[in-house]
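# Report on the structure
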Amino acid sequence: MTIYAFYAALQQGLVYGIMAIGVYLTFRILDFPDLTVDGSLPLGAAISAVAITSGVNPWLSLVLAMGGGFLAGMVTAVLTTRFHILHLLASILTMTALYSINIRIMDGPNVALLGRQTVFDGVRSLGFPSPWPELIVFVGVSAVVLLLLIWFLTTELGQAVLATGDNPQMIRSLGVNTSFIIILGVGLSNALVALSGALVAQHQGAADVSMGVGTIVAGLASVIVGETVFGDRTLARALLAAVLGSILYRLAIGFALGLAFFNPSDLNLLTSVLVVGAMITPSLKRRLFQR
Amino acid sequence: MITLTDIVKYFHKGSVNEVFALNKISLHLEEGDFVTVIGSNGAGKSTLLNGIAGTFSPDSGKIEVDGSDVTRWPEYRRAALVARVFQDPLLGTCPAATIEQNLALASLRGKRRGLGRGVKAADRIRFREELSRLQLGLEDRLLDKVGLLSGGQRQALTMLMATAVRPKVLLLDEHIAALDPKTAEQILGLTKEIVEGQKLTTLMITHNMNHAITFGNRLIMLHQGRILLDLSGEKKAGLTVKDLLEQFYHAQGEELATDSLLLG
């Protein structure tokens, strides 16, 4: 692996780490497997790219992208809680609809951002050489997201979110409207995924309607690899592990694709094998030690 | 304090699995009434309590709690007035949360939850004091996850949580049935202390006739979705298990008699 490939994997791991935090929120905390993310990642990218080409400040475009992601998550959660559509199916429906919506937003399948202002320009103008501006922005945004989310989950409302995933019957009997909490949580998760998508678009210089394919699998890979390698004893640790898992996942993929044997198109196969491997390791270990 | 008027509830209405769960039940509880509820399986005891808690809306009838018509209120809204303890000790607490987090969740029952700290320093002192009353040593384990506790400890904690905010009505759905006999007695003692100490309006389902007679000031027996027997005061005080069983078999015997008539 070259140093350039290493930096690229590190950057990708960090920027998709924000998406992994979102996936952790639904998949682990709310116990709500949410495939909306395959649509809300390009949604965030599309909103940010179109906003920037229309002259909006790149930082403000991130906020707009998060708003769009929140709405997308809300749609999935409302379909599930109010109309009792199975969460997986509801999220697939939203994801499918988002494909068309994203093309509408971009007025085409992609929008190029070459030569446009991005969030990295501010840091670059301070005199940092590549790849530092990107790394500084990604680490900064991830840290803010992590700190805000950890703080939120210790508040009265945040504790109700945790309890909704843990024991919904109990928290309803304590007066919490679990439908509202799920709408809030899934919305928040997709806002983070859209934020991740917006940063990816600004980083690679384009938003593309197909950039969301496989997002959920990459997110799950990050969460599971993170848990397996870094542990999940406390909530803060588990959330940080999702980001570190994302970096590890991109490094592993970068390393594997660097081998002569693999083609870039083998990415999906490698990812699936990695996730399956991480998921069955605990039970394999148990069986091995029982003998 | 609580008034049920002609509550009717069918499950799976119109299908082959139709169950007539509650048959025009009317019941009025005065403030401070401690009512024990008995009846065979399928008599409608849990359905009655679930109906008060708001797990479902009745097909017809009216439910009033503390002067408010709550018939169409969803479960989470009724929680401001109604507290409950389930049979399964796992249902009443959050296993992944700590003891203090569980108590903090419960002390906001029916209140707005905002962005204040989930567990406040002042809460901890109060929690420790309340937990020490259980004499289970939980006051020194505030930061332990509830998943680590035994069923009895969890049920004791659930009792504390249900009454952390004084409820207008407390519903106990066979809350000691899943515990070993010794633990069951302890939780029952705790129940008596809390309910009688705070004069809480309470409905307690039990399968133990002895408990049904010795606890509370009123006893109702349900059968096929109706209240078959409603005894309070002197009448309840003079009751023996034998009397109760006789009444119980009498009710079931009637059913058998009609069946054999039909089949004969």
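Structure: above.
Attention in this report is confined to the structure presented alongside it. (Residues numbered from 1 in each chain as written. Chains lettered and ligands numbered in written order. Predicted model: local features only at pLDDT ≥ 70, side-chain atom pairs only at ≥ 80, totals over all residues. Heavy atoms only, no water.)

## Quick word on the overall build of chain B
- Scanning chain B from N- to C-terminus turns up nine helices and 10 strands.
- The globule rule puts the C-alpha radius of gyration for 264 residues at 18 Å, and the 20 Å found for chain B is close to it.
- Each of the three principal axes of chain B carries a C-alpha extent, and together these read 70 × 40 × 35 Å.
- Summarising the internal contacts of chain B: among those between residues at least 6 apart in sequence, 68% fall at separations of at least 24.
- In chain B, which carries 32 positive and 31 negative side-chain charges, the distance between the mean positions of the two groups comes to 7 Å. (Helix = DSSP H or I, 4+ residues; strand = E, 2+ residues; numbered from the N terminus. Rg over C-alpha atoms; globule rule 2.2 N^0.38 Å. Contact = heavy atoms within 4.5 Å. Lys, Arg positive; Asp, Glu negative; His and termini not counted. Charge placed at Lys NZ, Arg CZ, Asp CG, Glu CD.)

## Let's talk about helix α9 (residues 178-204) of chain A
Residue and element names in this part refer to chain A.
- Here α9 spans 39 Å end to end across 27 residues, near enough to the 39 Å set by a 1.5 Å rise per residue.
- Among the 27 residues that make up α9, 23 are buried, leaving the element largely enclosed by the rest of the structure.
- At the exit of α9 stands G205, carrying a positive phi of roughly 80°. (Expected span 1.5 Å × (residues − 1). Buried < 20%, exposed > 50% of the residue type's maximum accessible area, 1.4 Å probe, protein only.)

## Some remarks on a nonpolar patch on the surface
Residue and element names in this part refer to chain A.
- Residues M1, I3, Y4, F6, F255 and L259 make up a contiguous nonpolar surface patch of roughly 660 Å² in combined accessible area.
- Ranked by the residues each element gives to the nonpolar patch, the list is headed by helix α1 (residues 3-29), at three residues.
- Take F6: its relative accessible area is 33%, and that puts it in the partly exposed class. (Patch = residues over 30% accessible without salt bridge, like charges linked within 9 Å, V, L, I, M, F, W, Y side chains within 5 Å. Areas by Shrake-Rupley, 256 points an atom, 1.4 Å probe, with all protein chains shown as cover. Salt bridge = Lys/Arg side-chain N within 4 Å of Asp/Glu carboxyl O.)

## Some words on the packing of helix α3 (residues 58-81) of chain A against α9(A)
Residues and elements named next belong to chain A.
- Packing of α3 against α9 leaves a shortest axis separation of 6 Å and a crossing angle of 140°. Considering how the two elements wind past one another, α3 and α9 form a crossing that is right-handed.
- A per-class count over the contact of α3 with α9 returns 19 nonpolar, eight polar and no charged. (Axes fitted to C-alpha atoms, helices over the stretch in contact; angles between N-to-C directions. Left-handed = near helix turned anticlockwise from the far one by under 90°. Nonpolar A, V, L, I, M, F, W, Y, C, P; charged D, E, K, R; others polar.)

## Things to note about the pairing of strand β10 (residues 226-232) of chain B
Residues and elements named next belong to chain B.
- Relative to β10, strand β9 (residues 218-223) is paired through six bridges, and the arrangement is antiparallel. Residue pairing for β10: I220 is matched across the bridge by D230.
- Counting the residues that bridge the hairpin from β9 to β10 gives two residues, and of these Q224 lies at a positive phi of roughly 50°. (Pairing = 2+ DSSP bridges.)

## Observations concerning the sheet that holds strand β2 (residues 19-29) of chain B
All names here are of chain B.
- The sheet built from four strands is open, its strands ordered β2-β1-β4-β5 with antiparallel pairing. Lying at the two open borders of the sheet, with one neighbouring strand each, are β2 and β5 (68-69).
- Alignment of strand β1 (residues 2-11) against strand β4 (residues 60-65), held across five bridges, turns out to be antiparallel. Across the sheet, I2 pairs through a bridge with V65, a residue of β4.

## Comments concerning the sheet that holds β9(B)
All names here are of chain B.
- Read from one edge of the open sheet, six strands run β6-β7-β8-β3-β9-β10, paired in mixed fashion. This sheet does not close on itself; its edge strands, each paired only once, are β6 (82-85) and β10. Neighbouring strand axes in the sheet, compared pairwise and without regard to direction, differ in orientation by 20° on average.
- As judged from the four bridges shared by strand β3 (residues 34-38) and β9, these two strands associate in the parallel manner. The residue of β9 that forms the bridge with T36 is L219.
- Helix-sheet contacts for helix α1 (residues 45-53) involve β3, β6, β7 (169-173), β8 (202-205) and β9, and the interaxial angle to β7 is about 145°.

## A short note on the packing of helix α10 (residues 215-230) of chain A against helix α12 (residues 267-290) of chain A
All names here are of chain A.
- At their nearest, the axes of α10 and α12 sit 9 Å apart, and the two run at 35° to each other. Every pair of crossing elements has a handedness; the one defined by α10 and α12 is left-handed. Taken together, the residues of α12 that come into contact with α10 (itself represented by V217, A221, I224, V225 and T228) are T271, L274, V275, A278 and M279.
- Of the residues in the contact of α10 with α12, the class split is eight nonpolar, two polar and no charged.

## Here we look at the interface of chain B and chain A
- Each side of the interface is counted separately: chain B has 31 residues, and chain A has 21 residues.
- Of the roughly 2,200 Å² buried between chain B and chain A, counting both surfaces, carbon and sulfur atoms make up 57%.
- Of all residues in chain B, B:Y76, B:R113 and B:L115 give up the largest surface area on contact with chain A, accounting jointly for 27% of the area buried on that side.
- Viewed at the interface, chain A and chain B are joined by two salt bridges.
- Two residues, B:K120 and A:E156, come together in a salt bridge whose shortest N-O distance is 2.8 Å.
- Here chain B and chain A share 13 residue pairs in polar contact (both at pLDDT 80 or more) between them.
- Contributions of two or more residues to the side of chain B that touches chain A are made by α2 (75-78), β6 and α3 (99-106) of chain B.
- At four residues, the largest contribution of residues to the side of chain B that touches chain A is made by α3(B).
- Its residues assigned to classes, the side of chain B that touches chain A comprises 15 nonpolar, eight polar and eight charged. (Buried area = accessible area lost by both parts, 1.4 Å probe. Polar contact = N/O pair within 3.5 Å; in protein donor to acceptor, adjacent residues only side chain to side chain.)

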